[in-house]
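What the coordinates show
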Amino acid sequence: WWLMREVRQRHQDVLFYGLAWTYPGWVQSAYSREAADYIATWLDGARQNNVSVSYIGLSQNERPPCATSSSCDSVMAARKAFDAHGHKQVKIVAPDAFQSPL
């Protein structure tokens, strides 16, 4: 968080992007409600450290989050989790195959 605050002090127009690349062992799937809550909690930490994150990417390059309907549902679950944690301003980066508005 320290480095992000330092960057923001020097360049106020910088936008931060978080990419969930791996999860702790208790998160059973990158496309689960647990994963959405984990990222929302990470965003809570950013806010508590006076860092605003503008974008979150939910998938790695190897697996798009909408490869199946259940994984596509995970994008909507993430939106709900972010909103519930007060992060409505955070935009979710999803592949072009995702057609539902967030």
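Here we summarise the structure given alongside this text.

Calculation criteria
- Residues numbered from 1 in each chain as written.
- Predicted model: local features only at pLDDT ≥ 70, side-chain atom pairs only at ≥ 80, totals over all residues.
- Heavy atoms only, no water.
- Salt bridge = Lys/Arg side-chain N within 4 Å of Asp/Glu carboxyl O.
- Helix = DSSP H or I, 4+ residues; strand = E, 2+ residues; numbered from the N terminus.
- Buried < 20%, exposed > 50% of the residue type's maximum accessible area, 1.4 Å probe, protein only.
- Contact = heavy atoms within 4.5 Å.
- Pairing = 2+ DSSP bridges.
- Axes fitted to C-alpha atoms, helices over the stretch in contact; angles between N-to-C directions.
- Expected span 1.5 Å × (residues − 1).

**A short note on the pattern of salt bridges**
For the structure shown, the criterion picks out 4 salt bridges. In this structure, the salt-bridge partner of Arg10 is Glu6, at a minimum N-O distance of 2.6 Å. With a gap of 4 residues between them, Arg10 and Glu6 both fall in helix H1 (residues 2-10), about one helical turn apart. In this structure Arg10 comes out as exposed when scored by relative accessible area, which is 55%. Linking Arg33 and Asp37 is a salt bridge whose minimum nitrogen-to-oxygen distance equals 3.3 Å.

**Examining the environment of Ser54**
With respect to the secondary-structure elements, Ser54 resides in strand S2 (residues 53-57). Along the chain, Ser54 and Val14 lie 40 residues apart, while their C-alpha atoms are 9.5 Å from each other. Once residues within four sequence positions are removed from consideration, Ser54 is found in contact with Leu15, Phe16, Gln89, Val90 and Lys91.

**Some details on the sheet that holds S2**
Strand order in the open sheet formed by 3 strands is S1-S2-S3, with parallel pairing between adjacent strands. Each having just a single partner strand, strand S1 (16-19) and strand S3 (91-93) make up the two edges of the open sheet. Between one strand axis and the next, the sheet turns by 30 degrees as a mean value, whatever way the strands run. As paired strands, S1 and S2 are joined by 4 bridges and run parallel to one another. By the bridge assignment for S2, Tyr17 is matched with Tyr55. Contacting S1 and S2, helix H2 (residues 33-48) runs over the sheet at an angle of about 160 degrees to S2.

**Considerations on H2**
For H2, with 16 residues, the first-to-last C-alpha span of 22 Å sits near the 22 Å given by 1.5 Å per residue. Every buried residue of H2 is accounted for by Ala35, Ala36, Ile39, Ala40, Leu43, Asp44, Gly45 and Ala46. A positive backbone phi angle near 60 degrees is found at Asn50, which sits one or two residues after H2.

Everything listed here is a matter of coordinates, which is why it stays silent on function.
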